[in-house]
Amino acid sequence: MKIRIVFALLGLWSACSPNADKAASPQDTLPYRIESDRVTQGNSVARAISAHEMHSDYQSPANDNFNPNIEFKFSINGQDNELTFGVNHHATVVAQNGVYSHPTIVWGKADAAETATVTNATGIPANTQLELKLDLRQILAALKKDGFCELANGHKLMKSDFKGVWLAGGTAPMTWDFDNLPSRSEMQLTDPDGDGIYTINLKINTFDAKKTTRAEWKQTHDLQKYPQYESGKILLDALYNLSLDELVSNLEADTTFRTGKEWAGVWTRDVSYSIVLALAAIEPEVAKHSLMRKVVNGRIVQDTGTGGSWPVSTDRLTWTLAAWEVYLATGDLKWLKTIYKIVAESAQDDSLHVFDPKTGLVYGESSFLDWRKQSYPIWMEARDIYKSQCLGTNVVHYRNYQILDEMAKILGEETTTWSQTATKLAAAINANLWIEEKSYYAQYLYGYNYFTRSGGAENLGESLAVLYGVATPERQRAVISHTPLSIFGVPTVAPQIPNIPPYHNNSIWPFVQAFYGLAAKKVGNEPAVVHSIEGIYRQAALFLTNKENMVATSGDFKGTEVNSDRQLWSIAGNLATVYRIFFGIDYTPDSLNFSPFVPKKYDSVKTLRNFTYRNATLDITVKGFGQGISSFTVDGKPQERASISGKLRGKHLIEIQLDNHEIPAQTINVTPISYRIESPVTSLNNEQIEWKKIDNAQSYKVFCNGQIRAEIKELFFPITNHIYGEWQVQAISSTGFNSYLSKPICYIPKNEKIVVEAESATRPSKLNYMGFTGNKFVESTIETNNAIPFSFRTTLQSEYLLDIRYSNGNGPTNTDNKCAIRTLYVDDERVGVIVLPQRGSGEWSNWGYSNALRLKLKPGPHKVLLVYEPTNRNMNGLVNTAMIDHLRIITSE
């Protein structure tokens, strides 16, 4: 049941107001209460003793009533390849003397049909020992006899590529993140006696008192260099000082920002969003050093990520937003000249690699949501994530071009191109991603070569679309009112993906919540602002640290895949509630503007002393509540505008009196955490698409090339139009959210595919890899075979898809920076780039297809050149290598 919360429900943390919407009921109220000196949640209390000390007795409830029903499966080389997608092993853990030993499982053999979990089973004790055995003899025998074997995901495993077998699952410490399994030695099964029976022993429902949150915080650093905040509410003052105290702990000896207690070093997107939120204002020099640490070869560095980083991930231009914020805060013209060149060169490279000519959108992974199985359908590979067109990433690129335009004007550079690109990109976002019936934007377009909208929300992107003006004013208000929220805050995405544990999925990140709060302030939505800041305050007070993330369903820090104390952008989000909401600080190139937004609940006299703005030091006081300013004075003198000049020098006193008017009512959408239903797993059988029944599905929509062909109740659909088609099926839910579309089945009619082997074009490699087609393959590096010519002949004037079969074993599928990139020329005309992401560390016999380029060709002979160009430099710079098997040309119309 959705809850539409109106302005009268700002007291939702207590009993329901008599003025509340009738849809609300006692169980819909927030499970925590924020008061002037404490936060209470259930039996837990966090109390501010002073502005410099807090105590909390919060204990994670994660070990209580631990679910004994577990799901798991096994994995070779960190891939989902034992059973078909969505099919897992099940067990109900009933421990004997603290140990549960499961019967031996044969690789690839699904549970018997009658196997089921026990619905009335009780929780299991903490630190229960789980013992699993896996019979892998059939796989080992095939590898020994044939040198390869076929796995459930359709991949062919070569004997030389076998690295080991791991355990995946949905119960901690197990994880469904197959990509990261090879890095987790505790999840690897072993066969010490060599009999082909692999075993693993691990503890579940683990409890360690040392890993719970601390019971007290006392300020340990001298914070006098920072703005001093007093609000008349001791809790808020303490949380502000806690955040500054943690910020100092994140200042490294080399004058850069540490990303978090558990995250060393500078990460481009983390530091950039942190600087935008708050850190440009109070640590501009450290911000500069941190940003320049992420510049190599005059270009912005994309963090390591899916498929070997850029251009699969393309949100490095968050750097632009942060660098510009530093300029606005400091007025440093030398800095502006430096960053303009870096940003312009990076944007130019992106323009050659990541723009979709058809939609006008930018390719690449969702900004910050860089753990693919946490954000995408399970079937999507790095190639598919490169082709996805995501809301947050596109808004970042839009804002990048806006900023380039503004920088160019200040520096006297040509601006027309930047402005036009920004305008076109905003139009493309609104045309392709807006969901009219939901009143918010879709997270992304996805597919192979034909795209559909995901149908779900992505809250960072939604908020950025509001803040940076991609959305119209009407849509801005709609987004804030309709985006699904949790009782504990702002979920990163909605709905959630089933069987994926919390991290980006089913999670709340305080920095995302902070951006939502800023967007809510912009549209004047008081309930949304309160929901944002109180979610931030709740977690920081109860946990006595600014956590990286928490579980959306419980608000607990425990149970997420990875977590960290004093996370940099969580700290910045906490500080932003003071600087950017309560004091309404907003920079322009020439001035510092003020637009305080104080919910009535937070009415008090607020002071911010020693706030530095360029060559001025400000003591700022805000009185009252509301969003309208009744008076604004500087050194006692009334001003017409709530603004000070960037040329102001010296120490000054600013006083702002708000009008104490009720803010016009708007709504928010607090709703229970919802999940998509499972996606169908399809197969092609005698020119018929088939799939199995999905629980809670009332019907199925069949898509071909991104368009709905039918909605049916049957579990099959015949292919009657014998032309190229990418066929997908979506399960339509009877209870909630529909599934993702299934993995596309590419139907290629006979005689409408041309394959040109790479070894026919140039000297083949002598490397001893397997699984290629034809006689051999070609090794392509920056220096060797960096231009491979192909030739072929077409008989029809038609549209064609051109792609490359390749392997790239330079790293895992989820991280590193060695994505290979090439430019493709057809008949001496540049037609685009071919992206060859990493497919597994050392897995050079793991072959797959690149992205496809679409173009019109006439009948006759054609020349193709696959070439490495300087603009194809990846984030590694030195290693840009792939094995090239063949060029494929498919008639697509």
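Residues numbered from 1 in each chain as written. Predicted model: local features only at pLDDT ≥ 70, side-chain atom pairs only at ≥ 80, totals over all residues. Heavy atoms only, no water.

As a further point, take the overall build of the protein chain. Secondary structure assignment for the protein chain yields 15 helices and 54 strands. In the protein chain, once contacts between residues fewer than 6 apart in sequence are set aside, the share between residues at least 24 apart is 72%. Of the accessible surface of the protein chain, which amounts to about 33,900 Å², a share of 49% is contributed by carbon and sulfur atoms. The positive charge centre, built from 88 side chains, and the negative charge centre, built from 94, are 2 Å apart in the protein chain. (Helix = DSSP H or I, 4+ residues; strand = E, 2+ residues; numbered from the N terminus. Contact = heavy atoms within 4.5 Å. Areas by Shrake-Rupley, 256 points an atom, 1.4 Å probe, with all protein chains shown as cover. Lys, Arg positive; Asp, Glu negative; His and termini not counted. Charge placed at Lys NZ, Arg CZ, Asp CG, Glu CD.)

As a further point, take the sheet that holds strand β36 (residues 650-658). Sheet architecture is open: 6 strands sit in the order β16-β31-β32-β36-β33-β34, paired in mixed fashion. The sheet terminates laterally at β16 (228-230) and β34 (637-638), the two strands that pair on one side only. Pairing of strand β33 (residues 629-634) with β34 involves 2 bridges; the strand directions are antiparallel. Residue pairing for β34: T633 is matched across the bridge by P638. Strands in contact with helix α15 (residues 568-582) are β16, β31 (606-613) and β32 (616-623); relative to β31, the strand with the most contacts, it is inclined by about 90°. (Pairing = 2+ DSSP bridges. Axes fitted to C-alpha atoms, helices over the stretch in contact; angles between N-to-C directions.)

Moving on, we come to the confidence of the model for the protein chain. Reading predicted coordinates in detail is not appropriate for stretches of low pLDDT. Averaged over the protein chain, the pLDDT score is 92; the fraction of residues at 70 or greater is 95%. Low pLDDT, under 50, characterises residues 1-28; the stretch is placed with 60 contacts to residues that sit more than four places away or in other chains. (pLDDT = per-residue confidence, 0-100.)

With that settled, consider the packing of helix α13 (residues 510-523) against α15. Two elements in contact, α13 and α15, have axes separated by 7 Å at closest approach and are oriented at 20°. It follows from the interaxial angle that α13 and α15 lie roughly parallel. For α13 against α15, the interelement crossing comes out left-handed. Along the contact surface, α13 presents P510, F511, A514, G517, L518 and K521, while α15 presents W569, S570, G573, R580 and I581. (Parallel < 35°, antiparallel > 145°, perpendicular 65-115°, else oblique. Left-handed = near helix turned anticlockwise from the far one by under 90°.)

Looking now at the sheet that holds strand β22 (residues 444-447). Spatially, 3 strands are ordered β19-β22-β23 in an open sheet, and the strand pairing comes out antiparallel. The outermost strands of the open sheet, each flanked by one partner alone, are β19 (389-390) and β23 (451-453). Bridge analysis of β19 against β22 gives 2 bridges, and the strand direction is antiparallel. Looking at β22, one finds that C390 is bridged to Y444. In the packing of helix α10 (residues 416-433) onto the sheet, the strands contacted are β19, β22 and β23, and the crossing angle to β22 comes to about 65°.

The subject of this paragraph is the pattern of salt bridges. Oppositely charged side chains may form a pair once their charged atoms are brought near each other. Per the counting criterion, the structure on display carries 32 salt bridges. A salt bridge links R293 to D254, with the shortest nitrogen-to-oxygen separation between them at 2.9 Å. Here the residue R293 occupies a position in the loop between α4 (284-292) and β17 (295-296), and D254 occupies one in the loop between α2 (234-249) and α3 (268-282), the gap between them amounting to 39 residues. Note that D565 and K547 form a salt bridge whose closest N and O atoms lie 2.6 Å from each other. Taken as a pair, D565 in the loop between β28 (550-551) and α15 and K547 in the loop between α14 (526-543) and β28 lie far apart in primary sequence, 18 residues in all. Residue D565 is classed as partly exposed on the basis of its relative accessible area of 23%. Residue classification places K547 among the buried residues on the basis of a relative accessible area of 8%. (Salt bridge = Lys/Arg side-chain N within 4 Å of Asp/Glu carboxyl O. Buried < 20%, exposed > 50% of the residue type's maximum accessible area, 1.4 Å probe, protein only.)

Take α15 next. With 15 residues, α15 should reach 21 Å at 1.5 Å per residue; the first-to-last C-alpha distance of 21 Å fits that figure. A576 marks the point of greatest bend in α15, at about 40°. Most of α15 is tucked away: 15 of the 15 residues are buried. Where α15 ends, the next residue or the one after it, G584, has phi of about 60°, a positive value. (Expected span 1.5 Å × (residues − 1). Bend = angle between axes of the 7 residues up to and from the residue.)

Looking now at unusual backbone geometry. For the bond running from W310 to P311, omega is 10°, close enough to zero to count as cis. Within the element layout of this structure, P311 appears in the loop between β18 (299-300) and α5 (318-330). Of note, the phi angle at N751 is positive, near 65°, even though the residue is not glycine. Mapping N751 onto the fold places it in the loop between β44 (745-747) and β45 (753-757). Its identity is not glycine, yet D816 carries a phi of approximately 75°, on the positive side. Mapped onto the elements, D816 comes out in the loop between β48 (798-807) and β49 (820-826).

We now examine the environment of S290. By the element assignment, S290 lies in helix α4. On the basis of relative accessibility, which here comes to 0%, the residue S290 falls in the buried class. Within the structure, S290 has its side chain in polar contact with the backbone nitrogen of F257 (distance 2.9 Å). (Polar contact = N/O pair within 3.5 Å; in protein donor to acceptor, adjacent residues only side chain to side chain.)

Glancing now at the packing of aromatic side chains. Taken as a whole, this structure holds 40 aromatic pairs when the rule is applied. Ring geometry for Y229 and F583: centres 6.1 Å apart, planes at 75°, overall edge-to-face. Placement of Y229 in strand β16 and of F583 in the loop between α15 and β29 (585-587) is noted, with a sequence separation of 354 residues between them. Overall, Y229 belongs to the buried group, its relative accessible area being 4%. Consider the rings of F772 and F777, whose centres lie 5.5 Å apart with planes at 55°: the pair is tilted. On the accessibility criterion, F777 (0% relative accessible area) is buried. Taken together through their ring pairs, the aromatic side chains of Y273, F368, W371, Y503, W509, F511, F515 and W569 make up a single cluster. For R383, the ring lying beneath its charged end belongs to Y448, and the centroid distance is 4.6 Å. The lysine or arginine in question, R888, covers the ring of Y849, its NZ or CZ lying 3.6 Å from the ring centre. (Phe/Tyr/Trp six-rings, centres within 6.5 Å; stacked < 30°, edge-to-face > 60°. Lys NZ or Arg CZ within 6 Å of the ring centre and 35° of its normal.)

Its 18 residues place the ends of α14 26 Å apart at the C-alpha level, agreeing with the 26 Å of an ideal helix rising 1.5 Å per residue. Among the 18 residues of α14, 18 are classified as buried, and the element is accordingly described as predominantly covered. The N-cap of α14, judged by a side-chain oxygen 3.1 Å from the amide nitrogen of A528 a few residues on, is N525. Positive phi appears at L544, one or two residues downstream of α14, with a value of about 55°.

With respect to the helices, strands and loops of the structure, R839 is situated in the loop between β50 (829-836) and β51 (848-849). A polar contact of 3.3 Å, which involves the side chain of R839, links it to the backbone oxygen of W847. Apart from residues lying up to four places away in sequence, R839 is in contact with Q79, H155, E381, Y806, S807, N808, G811, T813, N846, W847 and G848.

Further remarks concern the packing of helix α12 (residues 473-482) against α13. Where α12 contacts α13, the axes come no closer than 10 Å and their chain directions differ by 130°. Taken together, the axes of α12 and α13 are oblique relative to one another. Where α12 crosses over α13, the handedness of that crossing is left-handed. Along the contact surface, α12 presents Q476, R477 and I480, while α13 presents Y516, A519, A520, K522 and V523. Partitioned by chemical class, the residues of the contact of α12 with α13 number 5 nonpolar, 1 polar and 2 charged. (Nonpolar A, V, L, I, M, F, W, Y, C, P; charged D, E, K, R; others polar.)

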